[in-house]
Amino acid sequence: MPAADMASGLVPYLAATVLGFEPDAFSKKLAIVRPRFPRHVHRLNVRGMRVGKAQIDLCFERPGDDIDVQTVSLQVNCGSEVSR
């Protein structure tokens, strides 16, 4: 397998692993389970991630030992939008 092919799949895999993404394509759901990233990283934003027909922006913050996740915005292709 060429190195370029291997590297192209590595970044999404690492991001999913570090951020705790557990997609369920059949149910059209994305669970976030035990996200973990280096201690020196206190905030991480994910923008424009596609989940089925939706697009979501997430904010991961480390206020202490735990990591909090907030939905910044969610857009669904049926014309509605939910933000918080």
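In short, a report on the structure.

1. Here we look at the packing of aromatic side chains
Scanning the model with the defined rule gives one aromatic pair in all. The interplanar angle of 55° and the centroid separation of 6.3 Å between the aromatic rings of Phe-21 and Phe-60 together place this pair among those described as tilted. Of this pair, Phe-21 sits in strand β1 (residues 21-24) while Phe-60 sits in strand β4 (residues 54-61), and the two are 39 residues apart along the sequence. For the pair Phe-21 and Phe-60, a shared accessibility class is recorded, and that class is buried.

2. With respect to the pattern of salt bridges
Overall, the coordinates contain two salt bridges when judged by the stated rule. For the salt bridge of Arg-39 with Asp-65, the shortest nitrogen-to-oxygen distance reads 3.8 Å. Of the two residues, Arg-39 is situated in the loop between β2 (29-32) and β3 (43-51) and Asp-65 in the loop between β4 and β5 (68-76); the sequence distance between them amounts to 26 residues. A relative accessible area of 64% means that Asp-65 is categorised as exposed. A salt bridge links Glu-61 to Arg-43; the nearest nitrogen and oxygen atoms lie 3.6 Å apart.

The rules behind each value
- Numbers given to residues run from 1 along each chain, matching the order in which its sequence is written.
- Only residues with pLDDT of 70 or above have their local features reported here, since the model is predicted, and side-chain atom pairs are shown and tallied only from 80 upward, although totals for entire chains, interfaces and linings are computed over all residues.
- Hydrogen atoms and water are omitted, and side-chain values are computed over all heavy atoms in the structure.
- The aromatic pairing rule takes the rings of Phe, Tyr and Trp, using the six-membered ring of Trp, and pairs them if the centres are within 6.5 Å, calling planes under 30 degrees apart stacked, those over 60 edge-to-face and the rest tilted.
- A run of DSSP states H or I qualifies as a helix once it reaches four residues; a run of E qualifies as a strand once it reaches two. Both are numbered from the N-terminal end.
- A simple rule labels every residue: compare its accessible area, found with a 1.4 Å probe on the protein chains alone, to the largest value its type can have, and call it buried under 20%, exposed over 50%, or partly exposed in between.
- Salt bridge, as applied in this entry: a Lys or Arg side-chain nitrogen positioned within 4 Å of an Asp or Glu carboxyl oxygen.

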